[in-house]
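Working through the structure, step by step
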Amino acid sequence: MTIRYDGQVAIVTGAGGGLGRSHAIALAARGAKVVVNDLGGSVDGSGGSSDAAKAVVAEIEAAGGEAMANGANVADYAQVEKMVAETMERWGRIDILVNNAGILRDKSFVKGSLDDFKLVVDVHLMGSVNCTKAVWDIMREQAYGRILVTTSSSGLYGNFGQANYGSAKMGVIGMMNTLVLEGAKYNIHVNALAPTAGTRMTEGLIQEDAFKLLTPETVTPAVLYMVSEGGPNRTILSAGAGGYAVAKIVETEGMWLPPEEQTPEGIAAHWDQINDFNTVRELKAGGEQTIKFVMAAAAGHGISAE
Ligand code: NAI
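Let us look at the structure shown here. Here the structure is a predicted model, which means the values were calculated and not measured. Per chain, the residues get numbers from 1 upward, laid out in the order the sequence is written. Restriction of local features to residues with pLDDT of at least 70 applies here, the model being predicted, together with a cutoff of 80 or more for giving and counting side-chain atom pairs; totals for whole chains, interfaces and linings are based on all residues. The side-chain figures draw on all heavy atoms in the structure; neither hydrogens nor water molecules are used.

Looking at the overall build of the protein chain
- Along the backbone of the protein chain there are eleven helices and eight strands.
- The size measure is the radius of gyration over C-alpha atoms, and the globule rule it meets is 2.2 Å times the number of residues to the 0.38 power. On C-alpha atoms alone, the protein chain measures out to a radius of gyration of 22 Å, which is about the 19 Å that the 2.2 N^0.38 rule sets for 306 residues.
- Across its three principal axes, the protein chain shows a C-alpha extent of roughly 70 × 45 × 40 Å.
- Remark: exposure states derive from per-residue accessible area (1.4 Å probe, protein chains only) relative to the maximum for the residue type, with buried under 20%, exposed over 50%, and partly exposed in between. By the burial criterion, 43% of the 306 residues in the protein chain qualify as buried.
- Contacts are residue-level and defined by heavy atoms, with any inter-residue pair within 4.5 Å sufficient. Expressed as a percentage of contacts within the protein chain between residues at least 6 apart in sequence, the contacts between residues at least 24 apart total 69%. Here a helix means four or more residues in a row that DSSP labels H or I, a strand means two or more in a row labelled E, and each is numbered from the N terminus.

Put into structure tokens, the structure is as follows:
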């Protein structure tokens, strides 16, 4: 069955170029009305012009789609609120939010400034928080919403020089995990994309032959699937060059140690079992961890844990 978004309204942030542009064009091609947001700055976040967003709107319109350009800075809540108000005024609903806008301020931790760190967190994490906050009530009232955050392998696994970026990119996963719980009653799904693509952000960092394979268009289907009506929830979908994989945060079953072994030496002595990845499980809420430990402790102390 072809996945389409007829009658739906989507906001794609940072859609003036790179991945966001590809997501916006594809959503519009499949029937969505699309807000093409972009501040139009450089990779490090300096400067700004709405030309990039306007050019993507022109492309969408030329292909017979419907779109409007927006120049809001996602890090500024007042501007985001205005973008959402304008969208509601024109199209009356918001079904899909793709949080994609981002910048880089790469520096090793020893050399990087706290100001750069805060700016990167402000754009990636607070930008996603701001946009999500501004559409949350609307989606609750509609009892429908599909929200996407853009994480990164740098956040999930680390990357030299990207402590600021990695922190922000894991922050959005933390937001996702809780919003999945709070949005469940309202048919709001929240998922995360971990892309790898040849864009101006990665130009010069990726070898030319690989760059050609890593087109944004190979990543976009992952977004289209995750924001569709029948799409998944609470999923981190990695995508690049036509490859798709799921990343998960898991925890080992672990073990309960009797009081005399609740010591660093006790942990060291049982490390193989505590760290046994054959027992890993995905926990669906923080409380599941507490329950696991309390049940094991109760059994260890010989008390019933009802
Ligand atoms: P890009 O630089 O081509 O696109 C980012 C867009 O966001 C730009 O058009 C920029 O003007 C816009 N933007 C920046 N700050 C903004 C703000 N405050 N408000 C509104 N718009 C703003 O880079 P690319 O590669 O397309 O990145 C898209 C997303 O994917 C980013 O979140 C990035 O961190 C993420 N990502 C990209 C990877 C890659 O391999 N290209 C890898 C992992 C994550």
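Quick word on the nonpolar core
- Definition of nonpolar core: a set of buried residues of the types Ala, Val, Leu, Ile, Met, Phe, Trp, Tyr and Cys, connected through side-chain atoms within 4.5 Å. The biggest cluster of nonpolar side chains holds 42 residues, and the ones touching the most others in it are I11 and I236.
- Those elements that provide at least two residues to this core are β1 (9–12), α3 (77–91), α4 (114–142), β5 (145–150), α6 (163–183) and β6 (188–195).
- Per element, the largest residue contribution to this core is nine residues, and it comes from α4.
- Not counting the four nearest positions on each side in its chain, I11 is found in contact with V35, M83, V84, T87, I94, I96, L97, V98 and V135.
- In terms of nonpolar packing, the next biggest core, distinct from the first, is built from 30 residues, Y5, L27, A28 and A222 among them.

Regarding the site of the ligand
- A molecule or strand has a residue near it when one of that residue's heavy atoms lies within 4 Å. Around the ligand, the surrounding shell holds 30 residues, and the nearest of these are D38, N73, N100, Y165 and T199.
- Polar contact criterion, stated in full: a pair of N or O atoms within 3.5 Å, where within protein one must be able to donate a hydrogen and the other to accept it, and residues adjacent in sequence count only if both atoms are side-chain atoms. V74 is positioned such that a nitrogen or oxygen atom in its backbone is 3.0 Å from a nitrogen atom of the ligand.
- Between the ligand and the protein, one listed contact pairs an oxygen atom with a side-chain N or O atom of Y165 at 2.5 Å.
- Burial of the ligand by the protein chains amounts to 96% of its free accessible area of 820 Å².
- Among the secondary structure elements, those contributing two or more residues to the shell around the ligand are α1 (18–29), α4 and α6.
- Its residues placed into classes, the shell around the ligand shows eleven nonpolar, 16 polar and three charged. Computed with the Shrake-Rupley method and a 1.4 Å probe, the accessible areas treat only the protein chains shown as cover for residues. Put simply, Ala, Val, Leu, Ile, Met, Phe, Trp, Tyr, Cys and Pro go in the nonpolar bin, Asp, Glu, Lys and Arg in the charged bin, and everything else, Gly too, in the polar bin.

A word on the pairing of strand β8 (residues 243–247)
- Strands qualify as paired when DSSP identifies two bridges or more between them. Two elements, strand β7 (residues 236–240) and β8, share five bridges in a ladder whose sense is antiparallel. Paired with L237 across the strands is V246, a residue of β8.

Concerning the pattern of salt bridges
- Whenever Lys or Arg places a side-chain nitrogen within 4 Å of a carboxyl oxygen from Asp or Glu, that contact is recorded as a salt bridge. Applying the stated criterion across every chain yields a total of ten salt bridges.
- Note that D116 is salt-bridged to R105, the shortest N-O span being 2.9 Å. Separated by eleven residues along the polypeptide, D116 in helix α4 and R105 in the loop between β4 (96–99) and α4 bring together distant segments of the chain.
- Overall, the relative accessible area of 16% leaves D116 in the buried class.
- We classify R105 as partly exposed; its relative accessible area is 21%.
- Where K292 meets E251, a salt bridge forms, and the shortest distance between an N and an O atom there is 2.7 Å. Highlighted residues: K292 in helix α11 (residues 286–301) and E251 in the loop between β8 and α9 (264–269), separated in sequence by 41 residues.
- Via salt bridges that share partners, R234, K248 and E282 belong to a single interconnected network.

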